[in-house]
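# Commentary on secondary and tertiary structure
The chain contents come next:
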Amino acid sequence: MRWRLQMFLQRKLKISFLFLLFLALLVHLVVDFALPTTHRSCGCNTKASKAVDVPSGSPMLAGLKKLSLRILQDFSGSNGSLEKSSQPERVGLHERVGEPGVQEQYEEVNAGWIKGSKLAELFKHPLYNIPVPEVTEKDKLFVVNPMEKFSLRSSGSDEWVSSSKAEALLPTGKTAYDTYPTWLKFHIGINRYELYPRRDPLLPTLLRDLATQRIVSSVQKSGGTQLKLIMTFPNYGQALFKPMKQTRDQETPIDFFYFSDFERHNAEIAAFHLDRILDFRRIPPVSGRLVNITKEIRDITTDKKLAKTFFISPAGNVCFYGECSYYCSTEHALCGKPDQLEGSMAALLPDKTLAKRRSWRSPWRRSYHKSKKAEWELNPNYCAQVRETPPYDRGHRLLDLIDMAILDFLMGNMDRHHYETFEKFGNDTFLLHLDNGRGFGTHSRDEPSILAPLQQCCSIKKSTYLRLQLLATQPYRLSDVLREALAADPLAPVLAEPHLQALDRRLGKVLVAVGHCLARAAHQEKVLVDDVGSWV
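As recorded in an unreviewed UniProt entry, the chain goes by Extracellular serine/threonine protein kinase FAM20C-like and comes from Geospiza fortis. UniProt, in its Subcellular location (unreviewed entry) section for the chain, records the words "Golgi apparatus". According to the UniProt record, the Cofactor (unreviewed entry) comment for the chain reads "Mn(2+)".

## Thoughts on helix α14 (residues 397-411)
Here α14 contains 15 residues, and its C-alpha end-to-end distance of 21 Å stays within 8% of the 21 Å for a straight helix at 1.5 Å per residue. By the criterion of burial, α14 is predominantly enclosed, with 15 of the 15 residues buried.

## What to know about the nonpolar core
Leu274, Phe320, Trp364 and Phe422 are the most contacted members of the largest nonpolar core, which has 108 residues in total. Among the elements that take part in this core, α14 stands out by supplying nine residues, more than any other. For this core, the domains that each give at least three residues are domain 1 (180-347) and domain 2 (357-529). The residues contacting Trp364, other than those within four sequence positions of it, are Trp376, Tyr382, Cys383, Val386, Leu398, Leu401, Ala452, Pro453, Gln456 and Cys457.

## A short note on the environment of Phe262
With respect to the helices and strands, the residue Phe262 is situated in the loop between β3 (238-243) and α9 (265-277). Sequence-distant contacts of Phe262, defined by excluding residues within four places in its chain, comprise Gln226, Lys245, Gln246, Tyr327, His332, Gly437 and Arg438.

## Some details on the sheet that holds strand β2 (residues 229-232)
Remark on secondary structure: sheet strands pair via backbone hydrogen bonds, oriented parallel or antiparallel. The strand order β1-β2-β3-β8-β4 describes an open sheet built from five strands, whose pairing is antiparallel. Only two strands of the sheet have a single neighbouring strand rather than two, namely β1 (217-220) and β4 (286-292). The sheet shows a mean angle of 35 degrees between the axes of neighbouring strands, taken without regard to direction. Two elements, β2 and β3, share four bridges in a ladder whose sense is antiparallel. Within β3, the residue paired with Thr232 across the bridge is Gln238. Against the sheet, α9 engages β3, β4 and β8 (340-347), with an angle of about 155 degrees to β4.

## A few points about the UniProt feature "binding site: ATP" (unreviewed entry) in the chain
Mapped onto this numbering, the UniProt entry gives "binding site: ATP" (unreviewed entry) at Gln226, Lys242, Glu263, Ala346, Ala347, Leu348, Leu349, Glu420 and Asp435. Examined against the element boundaries, Ala346 turns out to sit in strand β8. Take Asp435: it is sitting in the loop between β10 (418-422) and α15 (452-457). Once residues lying within four places of it in the same chain are set aside, the contact partners of Asp435 are Lys242, Glu263, Glu268, Asn413 and Arg416. Among the polar contacts listed, one links the side chain of Asp435 to the side chain of Lys242, at a separation of 2.8 Å.

## Topic: the sheet that holds strand β5 (residues 311-312)
Strand order in this open sheet of three strands is β5-β6-β7, and the pairing throughout is antiparallel. For this open sheet the edge positions go to β5 and β7 (334-335), each flanked by a neighbour on one side alone. The sheet contact formed by strand β6 (residues 318-320) and β7 spans two bridges and is antiparallel. In the sheet register, Phe320 faces β7, and the bridge partner there is Leu334.

## Let's talk about the state of the cysteines
Enumeration according to the criterion identifies four disulfides in this entry. The disulfide that involves Cys319 links it to Cys335, with 2.1 Å between the sulfurs. On the sign convention where negative is left-handed, the bridge of Cys319 and Cys335, at about 110 degrees about the S-S bond, is right-handed. With Cys319 in strand β6 and Cys335 in strand β7, the pair connects residues that are 16 residues apart, well separated along the chain. Should the bonded cysteines of the chain be numbered as they appear in the sequence, the pairing reads 1-4, 2-3, 5-6, 7-8.

## Some details on the packing of α9 against α14
Describing two packed helices takes the angle between their axes plus the distance from one axis to the other. As a packed pair, α9 and α14 sit with axes 11 Å apart at the nearest point and diverge in direction by 130 degrees. Here α9 is positioned oblique relative to α14, judged by the angle of their axes. Both α9 and α14 take part in a crossing whose hand is right-handed. Taken together, the residues of α14 that come into contact with α9 (itself represented by Ala271, Leu274 and Asp275) are Leu407, Leu410 and Met411. In terms of residue class, the contact of α9 with α14 is made up of five nonpolar, no polar and one charged.

## So, a nonpolar patch on the surface
Together, Phe19, Leu20, Phe22, Leu23 and Leu26 make up an exposed nonpolar region whose accessible area comes to about 520 Å². Within the element layout of this structure, Leu26 appears in helix α1 (residues 2-34).

## Structural notes on the pairing of β3
Where burial is concerned, most of β3 is hidden: six out of the six residues are buried. Side-chain alternation along β3 places Gln238, Leu240 and Lys242 on one buried face and Ala239, Phe241 and Pro243 on a second face that is also buried. The loop that links β2 with its antiparallel partner β3 comprises five residues; one of these, Tyr236, has a positive phi angle of about 70 degrees. Pairing of β3 with β8 involves five bridges; the strand directions are antiparallel. For Phe241, the partnering residue across the bridge sits in β8 and is Met345.

## Structural notes on the packing of aromatic side chains
A full pass over the atoms with the stated rule returns eight aromatic pairs. Taken together, the ring pairs in this structure connect Phe422, Phe425 and Phe430 into an aromatic cluster. Sitting over the face of the ring of Tyr128, Arg467 holds its NZ or CZ atom 5.4 Å from the ring centroid.

Cut-offs applied
Residues numbered from 1 in each chain as written. Predicted model: local features only at pLDDT ≥ 70, side-chain atom pairs only at ≥ 80, totals over all residues. Heavy atoms only, no water. UniProt positions renumbered as here; feature names shortened; annotations may be inferred. Helix = DSSP H or I, 4+ residues; strand = E, 2+ residues; numbered from the N terminus. Expected span 1.5 Å × (residues − 1). Buried < 20%, exposed > 50% of the residue type's maximum accessible area, 1.4 Å probe, protein only. Core = buried A, V, L, I, M, F, W, Y, C linked by side-chain atoms within 4.5 Å. Domains from an automatic or database assignment. Contact = heavy atoms within 4.5 Å. Pairing = 2+ DSSP bridges. Axes fitted to C-alpha atoms, helices over the stretch in contact; angles between N-to-C directions. Polar contact = N/O pair within 3.5 Å; in protein donor to acceptor, adjacent residues only side chain to side chain. Disulfide = S-S within 2.5 Å. Parallel < 35°, antiparallel > 145°, perpendicular 65-115°, else oblique. Left-handed = near helix turned anticlockwise from the far one by under 90°. Nonpolar A, V, L, I, M, F, W, Y, C, P; charged D, E, K, R; others polar. Patch = residues over 30% accessible without salt bridge, like charges linked within 9 Å, V, L, I, M, F, W, Y side chains within 5 Å. Areas by Shrake-Rupley, 256 points an atom, 1.4 Å probe, with all protein chains shown as cover. Salt bridge = Lys/Arg side-chain N within 4 Å of Asp/Glu carboxyl O. Phe/Tyr/Trp six-rings, centres within 6.5 Å; stacked < 30°, edge-to-face > 60°. Lys NZ or Arg CZ within 6 Å of the ring centre and 35° of its normal.

Written as structure tokens, this is what we have:
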């Protein structure tokens with residue numbers, strides 16, 4: 001009897017629960033159909049606004065667009081380091097990038113043109129609108145011959161051959177420019193004065209490609225002290241992958257020498273955005289990416305040496321270590337969780353057989369010895385010697401080197417032993433700021449010796465100085481604009497907050513160093529070399 005009573009009560013509860021669900025659904029449908037059309041949820045694109053007769057510039061549409069953008073920023077900001085988020089969240093970001101509307105927001109964030117943002121206002125400032133000289137045919141890195149097509153294999157570099165082993169032709173010649181892959185447009189756009197334009201419409205697409213394009217080949221890059229991979233995409237674009245070795249909040253131990261430090265993937269990402277904010281534009285575009293070690297490296301690699309270094313750790317994670325000078329061993333293996341690994345994806349420059357580059361030893365190169373000091377550390381008049389030595393005895397090469405020293409000081413990068421230029425342009429061109437992985441290692445201390453070129457030469461471009469002053473003001477604070485730029489990256493947050501705060505402190509020290517030079521100089525123009533004329 002008791003058992004029958006229990007069964008009766010249970011059935012009654014189930015029926016009541018189903019009835020309540022049905023009633024809630026009915027109420028929801030009635031309310032939805034009763035509301036006016038304009039009050040229903042809709043997309044924030046232009047078509048949707050026309051459908052409900054909302055003017056494109058109305059407060060309502062602006063509010064919806066801001067809400068959509070905030071959702072995207074919150075989502076990308078929540079999937080930061082692998083330790084703080086789950087795999088499904090990261091995959092979700094890549095899937096959402098392809099959705100209508102969301103992709104536009106993604107591109108706007110990467111381009112830095114969000115209305116009301118500090119980054120957008122910064123790039124509108126006159127200091128970021130100083131025109132470059134007119135670019136002639138001889139100032140272009142490549143001049144595309146409309147009657148020719150170039151084989152990727154003709155470069156003589158295996159890195160340019162797809163794993164499909166099909167004969168690959170660059171889409172030049174009679175093919176319309178609009179059909180070129182983004183990486184090729186980026187290469188063609190390089191000229192004597194800049195690696196890419198300030199308002200480059202290709203930049204958002206190129207960053208998205210680096211973060212989402214399917215990887216068809218992964219091989220280890222030869223040389224170097226630490227493991228790096230060359231990733232190839234279906235359209236023959238390539239990227240340099242630097243895997244995650246440290247978490248964002250790990251500082252370089254105080255007893256480490258600068259040449260024994262790890263390279264950091266997030267430093268490469270942050271360096272690109274910082275370089276752009278300083279208006280140098282000398283670092284190739286870099287995006288963060290979450291890579292599947294199994295599917296996107298191990299299963300597709302044709303590098304036999306790399307393939308031999310994969311193993312499963314005792315914790316069940318997929319690991320590999322490759323071959324390199326120092327940090328390639330089981331003790332320094334790179335492991336996924338279980339096979340997901342963060343890394344930076346940097347767009348490769350044109351192959352050196354197609355666009356030769358010259359490597360220059362930095363005059364302020366460190367000794368890379370545990371006890372021996374370099375000459376510039378011992379000779380207070382060292383800059384006078386540099387000024388008399390080609391190529392620093394003419395042109396703006398020395399000033400470009402001082403720009404690079406300022407960038408390195410802001411990042412805390414002590415590992416700048418060489419730099420490169422495109423050989424075609426001779427001495428009259430910009431320096432390439434490559435290999436920035438040892439930046440952003442410490443935030444609690446600064447390294448004043450990085451500023452030696454500025455302190456010893458007491459010269460700086462007027463445009464650089466004015467931009468630094470601007471970035472020290474509240475409306476354009478450096479930490480704020482860099483934080484905003486990095487928020488769009490798939491691996492956001494890219495930098496720990498103390499690193500962003502350290503930027504403002506270091507910027508102040510750069511301005512103090514210039515102030516000391518101005519106080520000692522008999523003529524201000526010897527310190528602030530005018531490169532802006534009447535534009536500001």
